[in-house]
Each structure stands twice: as structure tokens, then as C-alpha cells.
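Inside the fold
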Amino acid sequence: DSINPNCKEAYFNKGLCYQSLDDNNKALECFEQALKIDPNYTSAIIGQGNSNLKMGEKEKALSYFEQALTINEDLPLALSGKALCLYELGQNDEVNEIVDKQIEENTDNYVPYLIKGNILKNINKLEDAIEHYKNCLKNNKNCSEAYSNMALCQAELNQNDEALKNLDESLKLKNDFP
């Protein structure tokens, strides 16, 4: 490698590149190299969490997000990752606490709105879910999952024209969510 062996950011950025190529094993190696330089480099720890989540290792991913949060409890990406892991693991009460806090403190992050919308959809609070999906899309108009899940809610409420429009939008987009 021609990477400066003491530059944690270079290893981190290389890890992000591998992540975007869906080569999460190589991404993990890069994040690990960054952490050898600085064991408290939260960006690399969050990167490990995201790579593990993409590989379906939810419990392992959760441990990385929690590790980052022990270093700094106010990391929106670590909180979102933790909430997503807990949601995937069916721990909705704790997820609600996290996403409600994130929505209150950081309204620009689309992930808490998406997760909250999913929870509300699952408990059949469809109108509330639709509002959260709309807020998600205000912050990230390319979130195909928000379009498709909003369409499911709308179809359930017999809002078929809107549902079809949102399904079309979802199909136009590449799935951007882990």
C-alpha cells in the first residue's frame, strides 16, 4: 500500500470506498488499520458497525455502535446504527427512545424518520407512519425504502393513486438503505 501508515483518515476513507463497492470484508480490514493508529477513532468504529450490518451481523454491528457511543454519546450515525440494529432485532421500545431523541435533536437526519415510520407501519398507525416517511424524504429524496413503505401504508388506506406514484418513485431509485 502507498497509504501513509500513520494516517487513520486514509485507512478510513479507503474503508468507505470498499463499503460503497459492497466489499465489506476489505472495508473492515481498513477500519481495523485506522483503529490500530487511534483505538478511539469513532468514525472507523461506526464504519465497522455499518459493514457488519450490511453483512447481516446485527449483534456484532450493535456492539460497534455501542462502543462508539461509549466514547461519545452524541454521535448521530452511531445512534442511527444502534436504532437500526435494535429495530432489526425487534427491540422497538428502545428504538423508539433513540429515534424520538434523534428527531428532536437533529431533524436533518433521515434515518430516524424512516425507522420510526417502519415501527408505526408495523403497529398499524398508518397515517403517522406516512408523515414520518414524508419527513424522511424531505431529508433524503432518494430513500427508496421510504417511498415503498409509504406506498404500502397508502394502499392499506385506499389511497391507491398516491401509492402507485410512490411505488414508481421507489422503483426508479437504487436501494440506498442497508
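That block above? That's the structure.
The present account deals with the structure reproduced in this document. (Residues numbered from 1 in each chain as written. Predicted model: local features only at pLDDT ≥ 70, side-chain atom pairs only at ≥ 80, totals over all residues. Heavy atoms only, no water.)

**Considerations on the side chain of Ser170**
The residue Ser170 is located in helix H10 (residues 160-172) in this model. At a separation of 3.1 Å, a polar atom in the side chain of Ser170 contacts the main-chain carbonyl oxygen of Ser144. Those residues in contact with Ser170, other than ones at most four positions away along the chain, are Ser144, Tyr147 and Ser148. (Helix = DSSP H or I, 4+ residues; strand = E, 2+ residues; numbered from the N terminus. Polar contact = N/O pair within 3.5 Å; in protein donor to acceptor, adjacent residues only side chain to side chain. Contact = heavy atoms within 4.5 Å.)

**With respect to the pattern of salt bridges**
Under the defined criterion, the tally for this structure stands at 7 salt bridges. One salt bridge connects Lys82 with Glu66, and the closest N-O pair in it is separated by 3.9 Å. Linking Lys82 in helix H5 (residues 76-88) with Glu66 in helix H4 (residues 58-71), this pair joins segments that are 16 residues apart in sequence. Of the residues examined, Glu66 reaches a relative accessible area of 34% and is grouped as partly exposed. Across the pair Lys172 and Glu169 runs a salt bridge, and its minimum N-O distance is 3.2 Å. (Salt bridge = Lys/Arg side-chain N within 4 Å of Asp/Glu carboxyl O. Buried < 20%, exposed > 50% of the residue type's maximum accessible area, 1.4 Å probe, protein only.)

**Observations concerning the packing of aromatic side chains**
As enumerated under the stated definition, the model contains 2 aromatic pairs in all. Ring geometry for Phe12 versus Phe31: centroids 5.8 Å apart, planes at 40 degrees, classification tilted. Placement of Phe12 in helix H1 (residues 8-20) and of Phe31 in helix H2 (residues 24-37) is noted, with a sequence separation of 19 residues between them. The class for Phe12 is buried, based on a relative accessible area of 14%. The class of Phe31 is buried, set by a relative accessible area of 0%. (Phe/Tyr/Trp six-rings, centres within 6.5 Å; stacked < 30°, edge-to-face > 60°.)

**Considerations on the state of the cysteines**
This model, assessed by the stated rule, comprises 0 disulfides. Here Cys7 stays unpaired: no disulfide links it, and the sulfur of Cys30, its closest cysteine neighbor, is 12 Å away. Free of any disulfide, Cys136 has its nearest cysteine sulfur in Cys143, 4.0 Å distant. (Disulfide = S-S within 2.5 Å.)

**Observations concerning the nonpolar core**
Counting residues in each nonpolar core, the largest one holds 47 residues, and the members touching the most others are Ala44, Val95, Ile115, Tyr133, Cys136, Cys143 and Ala146. Residue contacts for Tyr133: discarding those within four places in its chain leaves Leu114, Gly117, Asn118, Lys121, Ala146, Asn149, Met150 and Cys153. (Core = buried A, V, L, I, M, F, W, Y, C linked by side-chain atoms within 4.5 Å.)

**Concerning a negative patch on the surface**
Taken together, the side chains of Glu73, Asp74, Glu104 and Glu105 make up a negatively charged region of the molecular surface. Look at Asp74 and you get partly exposed, because its relative accessible area is 48%. (Patch = residues over 30% accessible without salt bridge, like charges linked within 9 Å, V, L, I, M, F, W, Y side chains within 5 Å. Areas by Shrake-Rupley, 256 points an atom, 1.4 Å probe, with all protein chains shown as cover. Lys, Arg positive; Asp, Glu negative; His and termini not counted. Charge placed at Lys NZ, Arg CZ, Asp CG, Glu CD.)

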